[in-house]
Amino acid sequence: MVAQFAGFLAVACYLVASGILCYRLVNKQTASKVFVLSLGAIALPLHGFNIQQHIYSTQGLDLGLFNIISLIAWLIACIHIAISSYRPLFVMSIFAFPMAAFGLVLSEIFHAPYQPLTHLPKGAESHIILSILAYSVLLMAALHAVLLAIQNKSLKKHRQQHKPLLIQLMPPLQTMESVLFDFIAFGFGLLSLAIISGFISLENMFAQHVAHKTILTIFAWLIFGTLLAGHHWQGWRGQRAVRFTLLGFAFLFVGFLGSKVVLELILQKV
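A quick note: this is a predicted structure, and the numbers were derived from the prediction, not measured.

Novice: Explain empty space enclosed by the protein to me, using residue names and the numbers behind them.
Specialist: Across all of its chains, the model carries one cavity of 30 Å³ or more by this definition. What the largest cavity holds in volume is close to 40 Å³. For the largest cavity, the full set of lining residues is D62, G64, F66, N67, S107, F110, H111 and A112. Tallied by class, the residues present in the lining of the largest cavity amount to three nonpolar, four polar and one charged.

And the structure:
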């Protein structure tokens, strides 16, 4: 009951923060960055407590689909607030906070058939944490790539005074591209550590229910690595960067959350 109440308060904070920002933006008024981000920051420990109560059960570690979604949503909110403190990405609160609220609500309403983990191999917990962190950061990169593609297309089609409101509120294109590659570089580093820790801690990375995740994750790692190398040595950017980012994340999504959907919700194997 306490965890549910904390979750309710967190959802309220997320939605009030994004609602105030949307209202101000639609009415072309200046929203208080400190106030909006502070509401989000208040939601974080409440959301985190809710996650802790859901994942750490008396039966073991419950890493079911909806608990993972809530955890990823919480990490996205954390990353957004952190990066908005020194980058001009405050307007992205209208995406980050509703996503966090949605992920939390899903975990409260639904529960996937999942057998809690009781005995983890040495180092496996680090592998799990790194994997979830990498996925969260690269999800942010993928969302950022979509916004970058929309911004790039809009700038080619519209004059300054005719640009859609969202485009007018977004940071300059160069800033968006810089942030995108920051996300990719950080996510690539985390993904590299996750893969290495997986090979070290797991007895058989290619065992049943794990082989496809391993292969798809390595494909994603190669794609992101190629993009970073191309950006550094050949100056890749723009639509090419968007395509590589979305392709790499597609492999990661299918291997990570996609496989959990199939195994837990469709086949009900855990």
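Novice: Please give an account of the packing of aromatic side chains that cites residues and values.
Specialist: Under the definition given, this model contains seven aromatic pairs. Through a chain of ring-to-ring contacts, the aromatic side chains of Y135, F249 and F253 assemble into a single cluster.

Novice: How would you explain the packing of helix α1 (residues 2-26) against helix α4 (residues 93-109) if you had to name every residue and give the values?
Specialist: Where α1 contacts α4, the axes come no closer than 9 Å and their chain directions differ by 155 degrees. Between α1 and α4, the interaxial angle falls into the category roughly antiparallel. Two packed elements cross with a definite hand, and for α1 against α4 that hand is left-handed. Only S93, I94, F97, P98, A100, A101, L104, V105 and E108 of α4 make contact with α1, whose side of the interface consists of A3, Q4, G7, A10, V11, Y14, L15, A17, S18, L21, C22 and L25. In the contact of α1 with α4, the residues fall into 16 nonpolar, four polar and one charged.

Novice: Requested: an account of helix α2 (residues 33-55), with residues and values cited.
Specialist: A rise of 1.5 Å per residue sets the reference length of α2, with its 23 residues, at 33 Å; its end C-alpha atoms lie 32 Å apart and thus fit the reference within 8%. What α2 keeps buried is the set V36, L37, L39, G40, A43, L44, H47, N50, I51 and I55.

Novice: Go over the side chain of H80 with me, naming the residues and quoting the values.
Specialist: Inspection of the secondary structure puts H80 in helix α3 (residues 65-84). The buried category is assigned to H80, whose relative accessible area is 2%. With sequence-adjacent residues up to four places away left out, H80 is seen in contact with L37, L89, F90, M92, S93, A96, F97 and M140.

Novice: Run through the nonpolar core, naming residues and quoting values.
Specialist: Ranked by internal contacts, the top residues of the largest apolar core, which has 78 residues, are Y14, I72, Y135 and I184. Elements supplying a minimum of two residues to this core: α1, α2, α3, α4, α5 (124-157), α7 (173-201), α8 (211-234) and α9 (238-266). The biggest single contributor to this core is α5, with 13 residues. Beyond its immediate chain neighbours, meaning those up to four positions away, Y14 contacts G40, A43, L44, H47, W74, A77, F97, A100 and A101.

Novice: An account of the packing of α2 against α3 is requested, with residue identities and associated values reported.
Specialist: For the pair α2 and α3, the least separation of the axes is 10 Å and the interaxial angle reads 150 degrees. Put simply, α2 runs roughly antiparallel to α3. Read as a crossing pair, α2 and α3 show a hand that is left-handed. Across from K33, L37, G40, A41, L44, H47, G48, I51, H54 and I55 in α2, the residues of α3 making contact are N67, S70, L71, A73, W74, A77, C78, H80, I81 and S84.

Calculation notes
Residues numbered from 1 in each chain as written. Predicted model: local features only at pLDDT ≥ 70, side-chain atom pairs only at ≥ 80, totals over all residues. Heavy atoms only, no water. 1 Å grid on protein atoms, 1.4 Å probe; cavity = no way out; pocket = protein on both sides within 12 Å on 5 of 7 lines; lining within 4 Å. Points joined across faces, edges and corners; volume = space filled by probe spheres on them. Nonpolar A, V, L, I, M, F, W, Y, C, P; charged D, E, K, R; others polar. Phe/Tyr/Trp six-rings, centres within 6.5 Å; stacked < 30°, edge-to-face > 60°. Axes fitted to C-alpha atoms, helices over the stretch in contact; angles between N-to-C directions. Helix = DSSP H or I, 4+ residues; strand = E, 2+ residues; numbered from the N terminus. Parallel < 35°, antiparallel > 145°, perpendicular 65-115°, else oblique. Left-handed = near helix turned anticlockwise from the far one by under 90°. Contact = heavy atoms within 4.5 Å. Expected span 1.5 Å × (residues − 1). Buried < 20%, exposed > 50% of the residue type's maximum accessible area, 1.4 Å probe, protein only. Core = buried A, V, L, I, M, F, W, Y, C linked by side-chain atoms within 4.5 Å.

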